[in-house]
Amino acid sequence: MENCKANINDCIVKEINFDDGGFAKVVITERKYDAKNSDDMKAVLSGCGLNYENLTDCKQIHSDIVRIIKSEDIGVTEEADAMITDIQDVPLMIYTADCVPIVLVDTKKKIIADIHAGWRGTYAEIVVKTIKSMLNNFGSNPEEIVAIIGPAIGPCCYEVSKELVDKFNTIVTNKDFKFYIIKEDRFHIDLTKINSYLLEKCGVKKENIHNLNICTSCQNDKFYSYRKDNKTDKRIGTIVQIKL
């Protein structure tokens, strides 16, 4: 995975090379742009060399629903929280503002996926279901998948109830695996760590999981945070597109 120079400021831009040519471009917007604003996204995608006309998203409902984007689905919005495609020049975009954005790229089969994983989606193991869908529909091998975990609220700031921690204990069974911390007798959960664990559980190599380790609450000057921004309706956009 390589950083590349963006044509537009205030975005994180990365490229993941395919094994035999071409690459997947990943763009994550910062606070200057609202992913829910069409003019902002036209500027971002145009500036980063992505195809705005084919931009495809979901009506996110904190589910474990995974969509396969075929030619007839381009530009269509349906209820789901993850998308997969093998079609080039079709940007997939998910919206977050504390929840975990996860991009998956099969570097051999040239498949991309974009995932929205809040605590509900994480608990429902949406990342696992997405990888299984990549395997079942496209023949992907988890060892050839590269993952990027984008900006999300970190355990430093994500205070939750003990009941929620107990709930996650039912899926995180490795006793050596600490997915929460306790500060001043209060529980703080680490959703990015749980999703990393689930990726490895699926067979994704640890060295292929790239957690940007950006807390949206701590770095609220650069990223939208639902908690820090008083339930803002503005969103970070995490976009991935196949470029051949």
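Residues numbered from 1 in each chain as written. Predicted model: local features only at pLDDT ≥ 70, side-chain atom pairs only at ≥ 80, totals over all residues. Heavy atoms only, no water.

### As for the pairing of strand 10 (residues 111–117)
Rules: For each residue, the accessible area found with a 1.4 Å probe, counting protein chains only, is set against the maximum for its type, and the residue is called buried under 20%, exposed over 50%, and partly exposed in between. Numbering of helices and strands runs from the N terminus, with a helix taken as a DSSP run of H or I at least four residues long and a strand as a DSSP run of E at least two residues long. A strand pair is defined by DSSP finding two or more bridges across the two strands.
Extensive coverage of strand 10 is indicated by the burial of 7 of its 7 residues. Of the two faces of strand 10, both are covered, the one formed by I111, A113, I115 and A117 as well as the one formed by I112, D114 and H116. Here 4 bridges tie strand 7 (residues 82–85) to strand 10, and the two strands are oriented antiparallel to one another. Each residue of the ladder has a partner; that of T85, found in strand 10, is I112. Looking at chain direction, strand 9 (residues 100–106) and strand 10 are connected through 7 bridges and run antiparallel. In the strand pairing of strand 10, D106 is matched with I111.

### Observations regarding the pattern of salt bridges
Opposite charge on two side chains permits them to pair, given that their charged atoms come into close proximity. To keep it simple, the criterion reads: A pairing counts as a salt bridge when a side-chain nitrogen of Lys or Arg comes within 4 Å of a carboxyl oxygen of Asp or Glu.
Considering all chains together, one arrives at 9 salt bridges under this definition. A salt bridge links K59 to E79; the nearest nitrogen and oxygen atoms lie 3.9 Å apart. Taken together, the positions of K59 in strand 4 (residues 58–59) and E79 in strand 6 (residues 78–79) put the pair 20 residues apart, joining distant regions of the chain. Overall, E79 belongs to the partly exposed group, its relative accessible area being 45%.

### A few points about the sheet that holds strand 5 (residues 66–68)
Sheet strands line up and pair through hydrogen bonds in the backbone, either parallel or antiparallel. What counts, and what does not: In this description, a line fitted to the C-alpha atoms serves as the axis of each element, helices being fitted only across the stretch in contact, and the angle between N-to-C directions of two axes falls anywhere from 0 to 180 degrees.
Across the sheet, 6 strands lie side by side as 5-7-10-9-11-15; this open sheet has mixed pairing. Of all strands in the sheet, those bounded by a partner on one side alone are strand 5 and strand 15 (209–211). Across the sheet, the mean angle from the axis of one strand to that of its neighbour is 15°, orientation sign disregarded. In the sheet, strand 9 pairs with strand 11 (residues 145–149) via 5 bridges, with the strands oriented antiparallel. Looking at strand 11, one finds that I102 is bridged to I149.

### Some words on the sheet that holds strand 12 (residues 159–160)
Spatially, 3 strands are ordered 12-14-13 in an open sheet, and the strand pairing comes out antiparallel. Looking along the sheet, the strands with just one partner apiece sit at the ends: strand 12 and strand 13 (180–183). Relative to strand 14 (residues 186–189), strand 12 runs antiparallel, the two sharing 2 bridges. The residue of strand 14 that forms the bridge with V160 is F187.

### Some details on the nonpolar core
What counts here: Side-chain atoms within 4.5 Å are what join buried Ala, Val, Leu, Ile, Met, Phe, Trp, Tyr and Cys residues into a set we call a nonpolar core. Contacts: residue pairs with any heavy atoms within 4.5 Å of one another.
The biggest cluster of nonpolar side chains holds 39 residues, and the ones touching the most others in it are L104 and L199. Elements represented by at least two residues in this core include exactly strand 7, strand 9, strand 10, helix 3 (126–138), strand 11, helix 4 (162–169), strand 14 and helix 5 (191–202). If one sorts the elements of this core by residue count, helix 3 sits on top with 6 residues. In this structure L199 touches L104, V127, I131, A147, I149, V204 and I209, once residues within four positions along its chain are discounted. With 25 residues, the next largest nonpolar core counts I28, C58, I69 and I236 among its residues.

### A short note on the state of the cysteines
Formally: Put simply, a disulfide is two cysteine sulfurs that come within 2.5 Å.
On inspection of all chains with the given rule, the structure shows 0 disulfides. Of all cysteine sulfurs in the structure, the one in C156 sits closest to C215, which takes part in no disulfide; the separation is 3.7 Å.

### Focus: the packing of helix 3 against helix 5
Put simply, the rule reads: In these notes the angle categories are as follows: under 35 degrees is roughly parallel, over 145 is roughly antiparallel, 65 to 115 is roughly perpendicular, and the rest is oblique. In a left-handed crossing the near helix is turned counterclockwise from the far helix by less than a right angle, and in a right-handed crossing that turn is clockwise. Residue classes follow a fixed rule: Ala, Val, Leu, Ile, Met, Phe, Trp, Tyr, Cys and Pro count as nonpolar, while Asp, Glu, Lys and Arg count as charged, and any other residue, Gly among them, counts as polar.
The interhelical angle for the contact between helix 3 and helix 5, taken along N-to-C directions, is 30°, at an axis separation of 9 Å. Taken together, helix 3 and helix 5 sit at an angle that is classed as roughly parallel. Relative to helix 5, the crossing made by helix 3 is right-handed. Residues V127, V128 and I131 of helix 3 touch helix 5, and the partners they reach there are N195, L198, L199 and C202. Grouping the amino acids of the contact of helix 3 with helix 5 by side-chain chemistry returns 6 nonpolar, 1 polar and no charged.

### Thoughts on the confidence of the model for the protein chain
Selection rule: As a per-residue measure, pLDDT reflects the predictor's confidence and takes values from 0 up to 100.
Averaged over all residues, the pLDDT of the protein chain is 94; the fraction at 70 or higher stands at 95%. Every residue in residues 2–7 is under pLDDT 50, and counting partners more than four places away or in other chains gives 12 contacts.

### Some words on unusual backbone geometry
Of note in this structure, H62 is not a glycine but carries a positive phi near 55°. Looking at the secondary structure, you find H62 in the loop between strand 4 and strand 5.

### A short note on the pairing of strand 9
Buried residues dominate strand 9, accounting for 7 of its 7 residues. A two-sided burial pattern is seen for strand 9, the buried positions comprising V100, I102, L104 and D106 on one face and P101, V103 and V105 on the other. Here strand 9 folds back onto strand 10 in antiparallel fashion, the turn holding 4 residues, of which K110 has a positive phi close to 60°.

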